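# Coordinates in review
If you want the building blocks of each chain, they are given just below.
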Amino acid sequence: MNPSELPTSPVRQLRLVVEAEDYEAAVRFYRDVLGLPEQAAYNGDGDARVVILDAGRATLEIANPAQKRMIDEVEVGQQVAPRLRVAFEVDDTPAATDRLVAGGATQVAPPTTTPWHSVNARLDAPAGLHITLFQELHTPETRTTLDGFTTNP
């Protein structure tokens, strides 16, 4: 079955909800430093607040333990990622890494070119998130022609 024949997803949006003890710092970092546009914000009783930031297209990446270990080894050189890691695609990983470190993140590993043809950097960011910044070096069409890239039928 080719991709154009696949049924459309019944899921319309993936929304990752993160509790942040320092709400203001987390909003400043993800909205103002990383640059995710504010889509909506709500206030409630008892100082309840939430902001919804637009992170573009969402995907859910499911990796088995061996793949998770391999990614950590390639990107960082050791096992560091918790069970959940959030990845953001950017246009320029080195520049985005510098900007996020200046804005409050801690660099775990510098930008690294990976075997899967992307430039990835690891950071610990506000709200306790371990994040990857990644820059794709090839288009999705080009990737399908490379060894090791495929889709499951």
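Scroll up for the structure.
A brief report on the enclosed structure follows.

What counts and what doesn't
Residues numbered from 1 in each chain as written. Predicted model: local features only at pLDDT ≥ 70, side-chain atom pairs only at ≥ 80, totals over all residues. Heavy atoms only, no water. Pairing = 2+ DSSP bridges. Helix = DSSP H or I, 4+ residues; strand = E, 2+ residues; numbered from the N terminus. Axes fitted to C-alpha atoms, helices over the stretch in contact; angles between N-to-C directions. Contact = heavy atoms within 4.5 Å. Core = buried A, V, L, I, M, F, W, Y, C linked by side-chain atoms within 4.5 Å. Buried < 20%, exposed > 50% of the residue type's maximum accessible area, 1.4 Å probe, protein only. Patch = residues over 30% accessible without salt bridge, like charges linked within 9 Å, V, L, I, M, F, W, Y side chains within 5 Å. Areas by Shrake-Rupley, 256 points an atom, 1.4 Å probe, with all protein chains shown as cover. Salt bridge = Lys/Arg side-chain N within 4 Å of Asp/Glu carboxyl O.

### A few points about the sheet that holds strand E5 (residues 118-125)
What the 4 strands build is an open sheet, ordered E3-E6-E5-E4; its pairing is mixed. If you trace the sheet from one side to the other, it starts and ends with strand E3 (86-89) and strand E4 (106-113), each paired once. Recorded for the sheet is a direction-independent mean angle of 20° between the axes of neighbouring strands. Two strands pair when backbone bridges link them, and E4 and E5 are joined in this way by 5 bridges, in the antiparallel orientation. The residue bridging Thr 106 from the neighbouring strand is Asp 124, located in E5. This element, helix H2 (residues 65-75), spans E4, E5 and strand E6 (129-136) of the sheet and lies at about 95° to E5.

### What to know about the nonpolar core
In summary, soluble globular proteins display a tendency toward joint burial of nonpolar side chains. With 17 residues, the main nonpolar core has Phe 29, Tyr 30, Leu 34, Phe 88, Leu 100, Ile 131 and Leu 133 as its most contacted residues. For this core, the secondary-structure elements that each account for two or more residues are helix H1 (23-33), E3, helix H3 (93-102), E5 and E6. Considering each element in turn, this core owes the most residues, 4 residues, to H1.

### Observations concerning unusual backbone geometry
One non-glycine residue with positive phi stands out, namely Asp 47, at about 65°. Note on placement: Asp 47 falls in the loop between strand E1 (38-44) and strand E2 (48-53). Here Ala 127, not a glycine, exhibits a phi torsion of approximately 70°, which is positive. Note that Ala 127 resides in the loop between E5 and E6.

### Remarks on the environment of Arg 49
Examined against the element boundaries, Arg 49 turns out to sit in strand E2. What makes Arg 49 partly exposed here is its relative accessible area of 36%. In this structure, the C-alpha to C-alpha distance between Arg 49 and Tyr 23, residues 26 residues apart in sequence, is 8.3 Å. Apart from residues no more than four positions distant in its own chain, Arg 49 is found in contact with Tyr 23, Glu 24, Tyr 42 and Asn 43.

### What about a nonpolar patch on the surface?
On the surface, Leu 14, Leu 60 and Ile 62 cluster together to form a nonpolar patch covering roughly 370 Å² of accessible area. Following the sequence through the fold, Leu 14 ends up in the segment before H1.

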